[in-house]
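Architecture and fold: a report
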Amino acid sequence: MSTAMDKLTVETRKKIVQEVLEAFPEKTAKDRAKHYEVAEAPTIETGKCALKSNTKSRPGVMTARGCSYAGSKGVVWGPIKDMVHISHGPVGCGQYSWGTRRNYANGTQGVDVFGVLQVTSDFQERDIVFGGDKKLETICREITNIFPLAKGISVQSECPVGLIGDDIEAVGKKMAKELAMPVIPVRCEGFRGVSQSLGHHIANDAVRDHLLGKGEFEDTTPYDINMIGEYNIGGDTWASRILLEEIGLRVIGQWAGDGTMNELSISHKAKLNVLHCYRSMNYICTTMEERYGIPWMEYNFFGPTKIAESLRAIAAHFDDTIKENAERVIAKHQAEADKVIEKYRPKLEGKKVMLMVGGLRAGHTIGAYEDLGMEVISTGYEFGHKDDYQRMIKDVQEGTIIYDDPTAYEMEALAEKLGTDLVGAGVKEKYVYHKMGIPFRQMHSWDYSGPYHGYDGFKIFARDMDMAINSPAWNLVKSPF
Ligand code: SF4
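Here goes a summary of the coordinates provided. Residue indices follow the written sequence of each chain, beginning from 1 at its first position. Given that the model is predicted, a residue must reach a pLDDT of at least 70 before its local features are reported, and side-chain atom pairs must reach 80 or more before they are shown or counted; all residues, however, enter totals for whole chains, interfaces and linings. No hydrogens and no water enter the side-chain calculation; it runs on all heavy atoms of the structure.

What follows concerns the side chain of Thr 237. Per the convention used, a helix needs a DSSP run of H or I reaching at least four residues, while a strand needs a run of E reaching at least two, with both numbered from the N terminus. The topology assignment puts Thr 237 in helix α11 (residues 236–246). Beyond its immediate chain neighbours, meaning those up to four positions away, Thr 237 contacts Met 227, Glu 230, Tyr 231, Asn 232 and Gln 254. What makes two residues a contact is simply this: any of their non-hydrogen atoms within 4.5 Å.

A word on the nonpolar core. Buried Ala, Val, Leu, Ile, Met, Phe, Trp, Tyr and Cys residues that are joined via side-chain atoms within 4.5 Å together make up what is termed a nonpolar core. A 1.4 Å probe rolled over the protein chains alone gives each residue an accessible area, and that area as a share of the maximum for its type sets the label: buried under 20%, exposed over 50%, partly exposed in between. Trp 77 and Tyr 369 are the most contacted members of the largest nonpolar core, which totals 67 residues. For this core, the leading source of residues is helix α21 (residues 454–469), giving seven residues. Trp 77 has contacts with Ser 72, Met 83, His 85, Ser 154, Gln 156, Ile 184, Val 186, Ala 203, Ala 206, Val 207 and Leu 211, leaving out every residue within four places of it along the chain. The next biggest cluster of nonpolar side chains, apart from the first, holds 26 residues, and it includes Val 20, Tyr 36, Val 61 and Ile 377.

So, about the site of the ligand. Around the ligand sit Cys 67, Tyr 69, Cys 93, Glu 158, Cys 159 and Gly 190, and that is every residue in its neighbourhood. Here the term charged refers only to Asp, Glu, Lys and Arg, the term nonpolar to Ala, Val, Leu, Ile, Met, Phe, Trp, Tyr, Cys and Pro, and the term polar to all other amino acids, Gly among them. Split into classes, the residues belonging to the shell around the ligand amount to four nonpolar, one polar and one charged. When at least one non-hydrogen atom of a residue lies within 4 Å of a molecule or strand, that residue is treated as near it.

Here, a salt bridge means any side-chain nitrogen of Lys or Arg that lies within 4 Å of a carboxyl oxygen of Asp or Glu. In this structure the tally under the stated criterion is 37 salt bridges. Put simply, Lys 151 and Asp 82 hold a salt bridge, and the shortest N to O gap is 3.9 Å. Remark: Asp 82 occurs in the loop between α4 (68–77) and β2 (83–88) and Lys 151 occurs in the loop between α7 (133–146) and β4 (152–157); sequence separation between them is 69 residues. For Lys 151, a relative accessible area of 46% translates into the label partly exposed. Note that Lys 174 is salt-bridged to Glu 137, the shortest N-O span being 3.1 Å. On the criterion of sequence distance, the pair formed by Lys 174 in helix α9 (residues 168–179) and Glu 137 in helix α7 is long-range, its members being 37 residues apart. Judged by its relative accessible area of 40%, Lys 174 falls in the partly exposed class. Three or more residues joined by partner-sharing salt bridges are found here, namely Lys 134, Glu 137, Arg 141, Lys 174 and Glu 178.

Structural data, given as structure tokens:
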């Protein structure tokens, strides 16, 4: 928290929220109002955000949310690169989620890594009527024939699987024995829960039950860590990992961007878990702490301020050598970061940013914008829980409008009323704002750019924000006639 807007501004912003919600029928407006909070000094200090979250979306309001399958297959399991993930059910879910999340991975696709494939049981009517278990067995056998280097199979349930009474757990057990590799059933049918979030939890539990602690690993060192909740979007995990290695740590597990089944299986041997995405993987960190006594801590590698804070906090878990290394690495990279700030800050200073991203970045990227002199005036999550908002509110300025699961209408109305200079959200939002003449950056896919994590990422982040805001295209939106 830093600059305080005056009381009038906080009140004005509350009024703007009220005006936006007036467009809804009374019951909806009343419910949606509970999903808003305008940050004030006491709440920022104490981190006590009262906003309502992690509840059902209202019908027919164009929520930006996805489903449990997206949270499990799309987010957690999909990036584990040397396994084949079956989208089990009709063809749609796997097709739409095919190759759309940029969780980068090294390897030869279709040979020893399989992340960009769409593998599906392609349910037909007869599978709905007679059940899909036999078909699933056949597919598992086919997978081992076609992809002999696959290390395991996960079965990602789409909506019908849980509705027609299929027993994918029994198939998993039978096939694991027959094929001598893990065949892991995941009950992430999209009707479960209210968003992607329960999919994360279900997926974490499936990793816990089927992979965690199963691997052998003797060659341990006192500096072994896991990077948890890192999905390597546009190479983010790699841009983070080099810093951790530069300070002398050894990453034995990447969960799950560019991660392998073996890494996850030996992760219980680490000395510390460093957690980037708290929302999607806090569950497995808690499990590892309870089961193996491995401590965990959160970190934030967006922008030089947060990176330096995080490197120091991580190093504090180790000896003086690591702490000294951290200072040396920060000093070296800060000099480069200062040059980036010197170049871009004059072009971005004072620009008003509106964010809406899944469960982490709408809070985690605030520091990077502030490093460039930009002001996040409104932000919120699709599927954050109470603890995410409590974390986020500590990082916002007084007067920031915080929303949960905002509807498309609310976002558009707010963007207009707040005089926003830049919107950062997802692909469903992007083109609407372009047409409104408001600069936009995709904050899930990085608009096919990135990485944004780490010092290398910050250079790209600053360049991209400048490119979006200061593009000459915005002067051409209105006809001169
Ligand atoms: S809600 Fe059901 S049908 Fe839709 S994407 Fe999710 S699993 Fe597939």
